[in-house]
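Okay, here's what each chain looks like letter by letter:
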Amino acid sequence: MIKKKVCMLGSFAVGKTSLVQRFVHSIFSQKYSTTVGVKIDKKTLSIREKTMDLILWDLHGKDEFQEIRMSYLRGASGCIYVVDGTRLKTLDVFRELRNKTRDYVGDVPFVVALNKWDLRREWEIGSDAMDDLEKEGAVIIKTSAKTGLCVEEVFQTLARLMVDN
Amino acid sequence: MRLWKHPKASLMESFDGPSSNAHAKEHSGHSSEKTLDELRNLLTGPQQQQLAQLQQRLDDPLLRGEELSRILPDAITLGTSRNDKIARAIQPTIEESIRTSVKKNTRAFADAIFPVLGPGIRKAIASTIMGMIQSLNQMLNYSFSFKGLQWRWKAFRSRRPFAEVVLLHSLVYRVEQLFLIHLETGLVLQHVTSSQITFQDPDMISGMLTAIQDFVRDSFETDKDTALDTLRYGGDQSIWIEQGPNMVLAAVIRGIPPLTLRNQYRELLDGIHLKFHSVLESFEGDVSPFEILKHQLEDGLKFQVKEAKTRISPLLWILLIIFLTLSVAWAFQSYHYHIRWENFRARLNAERGIVLTSVERKNGKHYISGLRDPSARDPLNLMKEARLDPSKFVFEWQFNYALDPESTLARAKTMLNPPPEVILKFLNGTLTAEGRSEHRWIADFRNRVLNVTGVNAYDDTHLLDTDLEKLTMARKLLERVTPFFPPGKSRIPEGMNEDLYEGLKVIRTIQHLQDLINIPVHIMIFGHADASGSKKFNLQLSHERAEYVLRFLMHNGVDPSHIKAIGMGVKASGKEGATQVDSILNRTVTFKTFL
């Protein structure tokens, strides 16, 4: 049995929690996120015929009132960054978080979920920005919390990356 | 001239190839061949001997067996110390051998393992029984007390099993869960719980605990090694957290545990650190190596139960008394049954005509077999007298005739069924009948007595035939009957014929008795006349008188076949010059009987 600590990060209201809530096992309510700054969920998946438990640390979104507690990142084997496609600013926050994470836990595998694909007409993040991201080594997956689009893929991809790492 | 060659050169030639060899043969011929053999012997003789010896060791199974037996123990010891290959290789063979042995002779195997299993089984049974008694006592105590009812209500309201509520209230403390957590990642390495508790996903709980630790550390700027060591909630519930260099041991506890428990957990954690140091160094999320810690952690799920009051529940007392009463009653009944059975058995053994050959008890029934004389008493009657239940007995009798005097006499009595006035005796093969009996039984006795097994002769000289006796008396009575006639008359007028009727009555008796004894009784009726009148007249008169009586008898239903009527005149009973009285006495008939 393999267990991995995975941190979910992103700007405030990018839809981290909404994105995964239908796909994970959860026992804690949202208020943990706002009080303690993290909510723990669990995702069990099968990767190369082996069962893997992802212990998801859903970190409270970074906003002007609350900084992410970096100590929560300790021991993470992978990260899921959630970016709101309709808010370009969240991409900057991703970069900021990414740098901080790298400083704290090193180069761990990560996946960028470009969320709110269902609202793609309102998107502010264009293909150039995405290309830049890919050049930076990011694996980008377009997701939708509303439709559930590619959410499983986010977990599967990250799991594979962690196994390969 | 003989060409000599150095033997080595010759040998060299022999290896040079066919052409040179052929050339050598040409010149040296047979003698060089011999020389070559000698040379070969000289050079390789010892090796050849060794080769031959080796060949023999390989070919001879006895020799190989002997050598193998010498090295096998050492080889096994060496092999076992290196790895478990030998154990794995011989495992199927050993398993098969055991299976075959068990199939072939179960008893031998059972005998062999009994010393190991026996005490264990006994201990397990004893402990189960003790446990049952204790829990029964506890259950009775709690079930019928006010406290127990309160707890029942609580269990009903909280929808938890009653047993759990009882346990919770009987506990001083109980460690319900133990988490072994990887310090850095917060991942659960191992998690154990006590039975009957519901719990949330340990991974998530562990993650949250770790997050809270971090939260506290960050929020209150404590130093890195200072950690939250206790979380307290709900009055009597707490989480103890012991932190080591790489791992955290968290214990979820209900109640108030002794502080020494913390030291135990400290030691436990230190021990695990020591053991898993290298695993933790390269930990990448694989928790399988920690699986072996499960039992060790389960041992850490400590608990302490409040010292139960030693008071035994009144209900248990009642149950105990009922049990004891029933046991005593059962023992009493069994004892009495045993006594009755032993008495019955002794009686059966002593019973005439019964010989017991085997008495067995199987499946709660007595199987009794033996020899039984037909005249012996029915064992079922004896059983009823002994107040035993016949349904619990199975008899198998072989009938035979016992030849002892008592059995023979009993058999004779059964077969001959003597009347109460007859006594039968048996001595030296002779059955003696004494007393009085009707003729019919005596005749039957004589007919059948020699058919009784064991009777060779009989003696009935002291046996009185009551019918014959009655007949003799009737005959005597009849001969005293004398009906009188009026002078010169051959008829007796009405009112004077009582004697005649008396005669009729006696003759009827005689005829009845003669039928019984089957011997005809001849009756003669003699007619008489007094001296008055002529002889011829008197003879005629006496004859008519006799005939008259015969007719009277016939008229009253008497069979005349053995009766004769004869006129005797005056000669037979009359006297010359007789008196008046004599004359009356002569006007009569008299009866005589003959067998």
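The structure reproduced in this document is the subject of the present report. (Residues numbered from 1 in each chain as written. Chains lettered and ligands numbered in written order. Predicted model: local features only at pLDDT ≥ 70, side-chain atom pairs only at ≥ 80, totals over all residues. Heavy atoms only, no water.)

## Regarding the overall build of chain B
Stated precisely, the cut-off is as follows: The numbering of helices and of strands both runs from the N terminus, where a helix is a DSSP run of H or I of at least 4 residues and a strand a run of E of at least 2. Categorising residues by exposure relies on relative accessible area from a 1.4 Å probe, with only protein chains included: less than 20% of the type maximum marks a residue as buried, more than 50% marks it as exposed, and the intermediate range marks it as partly exposed. By the convention used here, residues are in contact when the closest approach between their heavy atoms is within 4.5 Å. In these tables, accessible area is a Shrake-Rupley quantity obtained with a 1.4 Å probe, and a residue counts as shielded only by the protein chains included in the view.
On a plain count of helices and strands, chain B comes out with 19 helices and 16 strands. Looking at the 595 residues of chain B, the share that counts as buried comes to 33%. A sequence separation of at least 24 residues applies to 61% of the contacts in chain B between residues at least 6 apart. Surface summary for chain B: the accessible area is close to 38,300 Å², and the carbon and sulfur share equals 59%.

## Here we look at the interface of chain B and chain A
Going by this rule: By convention, the term buried area covers the 1.4 Å-probe accessible surface removed from two parts as they join, with the contributions of both added. Think of a salt bridge as a Lys or Arg side-chain nitrogen and an Asp or Glu carboxyl oxygen that are within 4 Å of each other. Each residue gets one of three labels, nonpolar for Ala, Val, Leu, Ile, Met, Phe, Trp, Tyr, Cys and Pro, charged for Asp, Glu, Lys and Arg, and polar for the others, Gly among them.
Counting from both sides, the interface comprises 25 residues of chain B and, opposite them, 25 residues of chain A. Of the roughly 2,200 Å² buried between chain B and chain A on both sides combined, carbon and sulfur atoms contribute 61%. If you sort the residues of chain B by the area they bury against chain A, Asp203, Met204 and Met208 of chain B come out on top, with a joint share of 29%. Put simply, chain B and chain A have 4 salt bridges between them. In this structure, Lys42 of chain A and Asp201 of chain B form a salt bridge, with 2.9 Å as the shortest nitrogen-oxygen distance. In the side of chain B that touches chain A, the residues fall into 10 nonpolar, 7 polar and 8 charged.

## Topic: the sheet that holds strand E7 (residues 139–142) of chain A
Sheet strands pair via backbone hydrogen bonds, and the direction of the pair is either parallel or antiparallel. Residues and elements named next belong to chain A. For clarity, the cut-off: At least two DSSP bridges between two strands are required for those strands to pair. Simply put, an axis is a line fit to the C-alpha atoms, just over the touching stretch for a helix, and the angle between two N-to-C directions goes from 0 to 180 degrees.
Read from one edge to the other, the open sheet built from 7 strands follows the order E2-E3-E4-E1-E5-E6-E7, with strand pairing classed as mixed. Across the chains shown, the open sheet's two edge strands, defined by having one partner strand only, are strand E2 (25–26) and E7. The sheet contact formed by strand E3 (residues 38–47) and strand E4 (residues 50–59) spans 10 bridges and is antiparallel. Looking at E4, one finds that Lys42 is bridged to Ile55. Against the sheet, helix H3 (residues 89–105) contacts strand E1 (2–10), strand E5 (78–84) and strand E6 (110–115), and its axis sits at roughly 165° relative to E5.

## Examining a negative patch on the surface
Residues and elements named next belong to chain A. For clarity, the threshold we go by: Patch building starts from residues that exceed 30% relative accessible area and form no salt bridge, then joins like charges within 9 Å and nonpolar side chains (Val, Leu, Ile, Met, Phe, Trp, Tyr) within 5 Å. Residues scored as charged are limited to Lys and Arg (positive) and Asp and Glu (negative), so that His and the chain ends carry no count. A single reference atom marks each charge: NZ on Lys, CZ on Arg, CG on Asp, CD on Glu.
The grouping of Asp128, Asp131, Asp132 and Glu134 at the surface amounts to a negative patch. In this structure, Glu134 sits in helix H4 (residues 127–135). On the basis of relative accessible area, Glu134 is assigned to the partly exposed category, the value being 47%.

## Some remarks on the state of the cysteines
All names here are of chain A. To keep things clear, this is the line we draw: Note on disulfides: each one is a pair of cysteine sulfur atoms within 2.5 Å.
Summed over all chains, the structure comprises 0 disulfides over all chains. Unpaired in terms of disulfides, Cys7 finds its nearest cysteine sulfur in Cys79, a separation of 5.3 Å. The class for Cys7 is buried, based on a relative accessible area of 0%.

## Describing the sheet that holds strand E8 (residues 365–372) of chain B
Residues and elements named next belong to chain B. Within the open sheet, the 3 strands sit side by side as E7-E8-E9. Their pairing is mixed. The outermost strands of the open sheet, each flanked by one partner alone, are strand E7 (354–362) and strand E9 (393–399). For this sheet, the mean inter-axis angle between neighbouring strands, taken without regard to orientation, is 15°. Sheet topology places E7 next to E8; 8 bridges connect them, and they run antiparallel. The residue of E8 that forms the bridge with Val355 is Leu371.

## Looking at the side chain of Arg174 of chain B
All names here are of chain B. Filter applied, for reference: Under this definition, polar contacts are N or O atom pairs within 3.5 Å; protein pairs additionally need one hydrogen-donor-capable and one acceptor-capable atom, and for neighbouring residues in sequence, both atoms have to be side-chain atoms.
By the secondary structure assignment, Arg174 is in strand E1 (residues 171–182). A polar atom in the side chain of Arg174 sits 3.2 Å from the side chain of Glu176. Setting aside residues no more than four positions away along its own chain, Arg174 makes contact with Leu167, Leu168, Ser194, Ser195, Ile197, Val252, Ile253, Arg254, Lys302 and Phe303.

## What about the packing of aromatic side chains?
All names here are of chain B. The condition that has to hold: Under the pairing criterion, centres of Phe, Tyr and Trp rings, with the six-membered ring standing for Trp, must be within 6.5 Å; the plane angle then separates stacked pairs below 30 degrees from edge-to-face pairs above 60, leaving the rest tilted.
In total, this model carries 17 aromatic pairs over all chains according to the counting rule given. Ring geometry for Phe276 and Phe290: centres 4.9 Å apart, planes at 20°, overall stacked. Highlighted residues: Phe276 in the loop between helix H9 (260–275) and helix H10 (277–281) and Phe290 in the loop between H10 and helix H11 (294–299), separated in sequence by 14 residues. A single burial state applies to Phe276 and to Phe290, both of which are buried. Aromatic side chains Trp341 and Phe344 sit 6.3 Å apart centroid to centroid with 40° between the ring planes, which places their arrangement in the tilted category. Residue Trp341 and its partner Phe344 are located together in helix H12 (residues 314–350), separated by 3 residues, close to a single helical turn. A residue is classified by how much of its surface remains accessible, and Trp341, at 7% relative accessible area, is buried. An aromatic cluster is present here, built from Trp341, Phe344, Phe393, Phe395 and Trp397 joined pairwise through their rings.

## Points about the environment of Val558 of chain B
Residues and elements named next belong to chain B. Within the secondary structure, Val558 is located in the loop between helix H18 (535–555) and strand E15 (563–567). Classification of Val558 as buried rests on a relative accessible area of 5%. Separated by 47 residues in sequence, Val558 and Gln511 place their C-alpha atoms 8.2 Å apart. When near neighbours in sequence (up to four residues on either side) are disregarded, Val558 contacts Leu504, Ile507, Arg508, Gln511, Leu553 and Ile563.

## Considerations on the pairing of strand E4 (residues 237–243) of chain B
All names here are of chain B. Within E4, 6 of the 7 residues are buried, leaving the element largely enclosed by the surrounding structure. Across 4 bridges, the pairing between strand E3 (residues 230–233) and E4 is antiparallel. Note on E4: the bridge partner recorded for Arg232 is Ser238. The loop that links E3 with its antiparallel partner E4 comprises 3 residues; one of these, Gly234, has a positive phi angle of about 55°. Hairpin connection of E4 to strand E5 (residues 247–255): 3 residues between the antiparallel strands.

## Quick look at unusual backbone geometry
Only a minority of non-glycine residues have a phi that is not negative, and only a minority of peptide bonds are not trans. All names here are of chain A. Despite not being glycine, Ala13 has its phi angle at roughly 60°, a positive value. Inspection of the secondary structure assignment puts Ala13 in the loop between E1 and helix H1 (16–20). Given the relative accessible area of 43%, Ala13 is considered partly exposed.

## Let's talk about a nonpolar patch on the surface
The grouping of Ile113, Val116, Leu117, Ile121, Ile125 and Ile129 of chain B at the surface amounts to a nonpolar patch, some 530 Å² of accessible area in total. With respect to the helices and strands, the residue Leu117 of chain B is situated in helix H5 (residues 106–143).

## Observations regarding the packing of helix H16 (residues 466–479) of chain B against helix H17 (residues 498–517) of chain B
Residues and elements named next belong to chain B. Under the convention used in this document: In this scheme, roughly parallel covers angles under 35 degrees and roughly antiparallel covers those over 145, while 65 to 115 is roughly perpendicular and the rest are oblique. Crossings are assigned a handedness: left-handed for a near helix turned anticlockwise from the far helix by less than a right angle, right-handed for a clockwise turn.
Look at H16 against H17: their axes get within 9 Å of each other, and the N-to-C directions meet at 155°. For the element pair H16 / H17, the angle class is roughly antiparallel. Pair H16 / H17 crosses with left-handed handedness. In this structure, H16 uses Asp467, Leu468, Lys470, Leu471, Ala474, Arg475, Leu477 and Leu478 to contact H17, whose residues at the interface are Glu502, Gly503, Val506, Ile507, Ile510, Leu513, Leu516 and Ile517.

## Some remarks on the pattern of salt bridges
According to the stated counting rule, one finds 32 salt bridges over all chains in the structure shown. Across the pair Arg262 of chain B and Glu242 of chain B runs a salt bridge whose closest N-O atoms are separated by 2.9 Å. Placement of the pair is Arg262 of chain B in helix H9 and Glu242 of chain B in strand E4, with a sequence separation of 20 residues. The two residues Arg262 of chain B and Glu242 of chain B agree in class, both being buried. Here Glu385 of chain B makes a salt bridge to Arg377 of chain B, at a shortest N to O gap of 2.5 Å. Residues joined by salt bridges that share partners form a network here, namely Lys3, Lys42 and Asp53 of chain A together with Asp201 and Asp203 of chain B.

## Considerations on H12 of chain B
Applied cut-off: Between the first and last residue of a helix there are one fewer steps than residues, each counted as 1.5 Å, and that sum is the expected span.
Taking 1.5 Å per residue, 37 residues should reach 54 Å; H12 of chain B reaches 53 Å between its end C-alpha atoms and fits that length. By the burial criterion, the buried members of H12 of chain B are Leu316, Tyr337, Trp341, Phe344 and Leu348 of chain B.

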